[in-house]
Amino acid sequence: MSQEKLLTITTTILVLWVIFIITWERVSPYRKGLKFFREGFWIDLVWYTLIQSYFLKILIFDYIIAPIQHHLDWSSFQFVAHWPIAVQVLFFLVTHDLYIYLFHRLQHRSKFLWRTHEAHHSGKEVDFLSGSRSHIIEIIINQTIEFAPIILLGADPAVIPIKALLDAMFGMFIHANVNVKLGKLKYILNTPELHLWHHANYIEVFHANFATKFSIWDHLFGSAYDPGHPPGNERENWGLGYEYPRDYFMQHAFSVKRFDEKKLLKYKWFERYYNLRPAILSLLLSPWKKHYSKTDATPPSATIDTTITTHPQEEILQ
Ligand SMILES: [Zn+2]
Ligand SMILES: [Zn+2]
């Protein structure tokens, strides 16, 4: 099958999967009352899913993996080249998932690496799109380690789009606000039930449920947390225990230097910049305004009233 045809098939499956998950979230929600256009929806869709993914794909494949591939001779390392494609996919699925489990666990342990991961935990309302919210550095590290071996070890070119499709489908599934029970299968495959707990603001899960696709890692390494009931439905029960910027660029700046957005608003240039995005968005979305989440469009000057506190996880590490 040509690569083009395969891309058409994987894209079609992805679109159908998005429609299926969105419908599922409306029919059987895990957390009641979550709006479709929830807080941060447009940041996740426009900045993280579309713009960031587009540029990081170019950076990772063309400027990191390609030079490594061309400057070194990998022919003697290409041991997967003659395996059936299904076995190659399974091999990279399992090995990368184990890596991501270990790295994710480290990100929750290390104060330094936490700065590259807190963005992923910053959403107070978690749904199918929330998995896309990941810091630039986190994506560069994880996707380079994911795709470089596929290319360098001589896998079939079909493995990349198939693996990328499975990543996207699983990412949406484990973050989806759906009430689903997988029975005994939940000891092997990750579920929204387990991963939504990982996004809850409870000290019990600051160091638990690190799995992405296979929950078996959490069970094997003793980090599973599955109390059998959902977290509370209040704002403070979800996301980070401290105030976090709402703007994409501010979120990345915050990982380098802690600051209080509210205080920056005293600078005219910052206030103008900060209100520009909600103003444009508000204008573009005026036809759908009745569905649009007010919180996302409101300048922070009107909504943020708390000060930065240390994350309980950071306190534990001290
Ligand atoms: Zn995490
Ligand atoms: Zn997540």
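Residues numbered from 1 in each chain as written. Chains lettered and ligands numbered in written order. Predicted model: local features only at pLDDT ≥ 70, side-chain atom pairs only at ≥ 80, totals over all residues. Heavy atoms only, no water.

Asks: Report on the overall build of the protein, specifying residues and quantitative values.
Replies: Counting its secondary structure elements, the protein contains 15 helices and zero strands. Buried residues in the protein amount to 46% of all 318 residues. When the accessible area of the protein is evaluated, it comes to approximately 16,300 Å², of which 67% is carbon and sulfur surface. (Helix = DSSP H or I, 4+ residues; strand = E, 2+ residues; numbered from the N terminus. Buried < 20%, exposed > 50% of the residue type's maximum accessible area, 1.4 Å probe, protein only. Areas by Shrake-Rupley, 256 points an atom, 1.4 Å probe, with all protein chains shown as cover.)

Asks: Now, about the environment of Phe249: what can you tell me, with residues and values included?
Replies: As for its position among the elements, Phe249 is in helix H10 (residues 248-256). Sequence separation of Phe249 and Trp47 is 202 residues, and the distance between their C-alpha atoms is 9.5 Å. Excluding residues within four positions of it along the chain, Phe249 makes contact with Trp47 and Tyr273. (Contact = heavy atoms within 4.5 Å.)

Asks: Account for the pattern of salt bridges, naming residues and giving values.
Replies: A complete count under the given rule lists 11 salt bridges for this structure. The salt bridge involving Asp44 is made with Arg133; its shortest N-O contact spans 2.7 Å. Of this pair, Asp44 sits in helix H2 (residues 41-71) while Arg133 sits in the loop between helix H5 (118-121) and helix H6 (136-152), and the two are 89 residues apart along the sequence. For the pair Asp44 and Arg133, one class covers both residues: buried. Notably, a salt bridge pairs Glu271 with Lys268, separated by 3.3 Å at the nearest N-O pair. (Salt bridge = Lys/Arg side-chain N within 4 Å of Asp/Glu carboxyl O.)

Asks: Break down the coordination of the zinc ion (ligand 2) for me, with residues and values.
Replies: Within the first shell, the zinc ion (ligand 2) binds the protein through His120 (NE2), His175 (NE2), His195 (NE2) and His199 (NE2), at distances of 2.0 to 2.1 Å. Taken together, the four donor atoms surrounding the zinc ion (ligand 2) define angles of 95 to 151 degrees at the centre, an arrangement classified as irregular. Sequence positions of the donors to the zinc ion (ligand 2) reduce to the motif H-x54-H-x19-H-x3-H. Remark: His199 occurs in the loop between helix H8 (192-198) and helix H9 (216-220) and His120 occurs in helix H5; sequence separation between them is 79 residues. Overall, the relative accessible area of 1% leaves His199 in the buried class. (Donors = N, O, S within 2.8 Å, 3.2 Å for Na, K, Ca; no water. Tetrahedral: all angles 85-135°; square planar, octahedral: opposite > 155°, others 65-115°.)

Asks: Describe unusual backbone geometry, with residues and values.
Replies: Residue Asn209 is not a glycine yet carries a positive backbone phi of 55 degrees. Mapping Asn209 onto the fold places it in the loop between H8 and H9. Under the relative-accessibility criterion, Asn209 is labelled buried at 3%.

Asks: Mind laying out the nonpolar core, listing which residues take part and the relevant values?
Replies: Within the largest apolar cluster, 17 residues are counted, with the highest numbers of intra-cluster contacts made by Trp17, Ile21, Trp42, Phe128, Phe173 and Ala176. Within the second largest apolar cluster, 16 residues are counted, among which are Val80, Ile139, Phe147 and Ile151. (Core = buried A, V, L, I, M, F, W, Y, C linked by side-chain atoms within 4.5 Å.)

Asks: I'd like a rundown of the packing of aromatic side chains, residues and numbers included.
Replies: For the coordinates displayed, the defined rule picks out 31 aromatic pairs. Here Phe36 and Phe41 contribute two aromatic rings whose centre-to-centre distance is 5.2 Å and whose plane-to-plane angle is 50 degrees, an arrangement assigned as tilted. By relative accessible area, Phe36 is classed as partly exposed at 24%. By way of ring pairs, the aromatic residues Trp17, Phe20, Trp24, Phe170 and Phe173 are connected into one cluster. Over the ring of Phe61 we find Lys57, and its NZ or CZ is 6.0 Å from the ring centre. (Phe/Tyr/Trp six-rings, centres within 6.5 Å; stacked < 30°, edge-to-face > 60°. Lys NZ or Arg CZ within 6 Å of the ring centre and 35° of its normal.)

Asks: Pulling in residues and values, what's your account of a nonpolar patch on the surface?
Replies: Together, Leu102, Leu185, Tyr187, Ile188, Ile216, Leu220 and Phe221 give the surface a local cluster of nonpolar side chains, amounting to about 650 Å² of exposed area. As for its position among the elements, Ile216 is in helix H9. Assessed through its relative accessible area of 31%, Ile216 is described here as partly exposed. (Patch = residues over 30% accessible without salt bridge, like charges linked within 9 Å, V, L, I, M, F, W, Y side chains within 5 Å.)

Asks: Go over H2 with me, naming the residues and quoting the values.
Replies: The largest bend along H2 reaches roughly 40 degrees and is located at Gln52. Those residues of H2 not exposed but buried are Phe41, Trp42, Ile43, Asp44, Tyr48, Gln52, Leu56, Ile60, Ile65 and Ala66. (Bend = angle between axes of the 7 residues up to and from the residue.)

Asks: Quick rundown of helix H1 (residues 3-27)? Include the residues and the values.
Replies: Helix length check: H1 (25 residues) gives 36 Å between terminal C-alpha atoms against 36 Å at 1.5 Å per residue, within 8%. Among all positions of H1, only Leu6, Thr10, Trp17, Ile21 and Glu25 are buried. Elements in contact with the buried residues of H1: helix H7 (159-175). (Expected span 1.5 Å × (residues − 1).)

Asks: Before we move on, can you summarise the packing of H2 against H10 with the specific residues and values?
Replies: The contact between H2 and H10 brings their axes to 10 Å, and the two run at 75 degrees. Classed by the angle they form, the pair H2 and H10 counts as roughly perpendicular. For the pair H2 and H10, the contacting residues are Ile43, Trp47, Tyr48 and Gln52 in the first and Tyr248, Phe249, Gln251 and His252 in the second. (Axes fitted to C-alpha atoms, helices over the stretch in contact; angles between N-to-C directions. Parallel < 35°, antiparallel > 145°, perpendicular 65-115°, else oblique.)

Asks: How would you sum up the environment of Phe92? Please name residues and give values.
Replies: Within the secondary structure layout, Phe92 lies in helix H3 (residues 85-109). Taking the C-alpha atoms as reference points, Phe92 and Pro149, separated by 57 residues in sequence, lie 8.3 Å from one another. In this view, Phe92 contacts Val80, Asp97, Pro149, Ile150, Leu153, Ala155, Val159 and Lys163; residues no more than four positions away in its chain are not counted.

Asks: An account of the packing of H2 against H6 is requested, with residue identities and associated values reported.
Replies: Running from N to C, H2 and H6 cross one another at 45 degrees; their axes reach a closest spacing of 9 Å. It follows that H2 is oblique to H6 by the angle criterion. For the pair H2 and H6, the crossing hand works out as right-handed. Only Ile136, Ile139, Ile140, Gln143, Thr144, Phe147, Ala148, Ile151 and Leu152 of H6 make contact with H2, whose side of the interface consists of Gln52, Leu56, Leu59, Ile60, Phe61, Ile64, Ile65, Ile68 and Gln69. Grouping the constituent residues of the contact of H2 with H6 by class yields 14 nonpolar, four polar and no charged. (Left-handed = near helix turned anticlockwise from the far one by under 90°. Nonpolar A, V, L, I, M, F, W, Y, C, P; charged D, E, K, R; others polar.)

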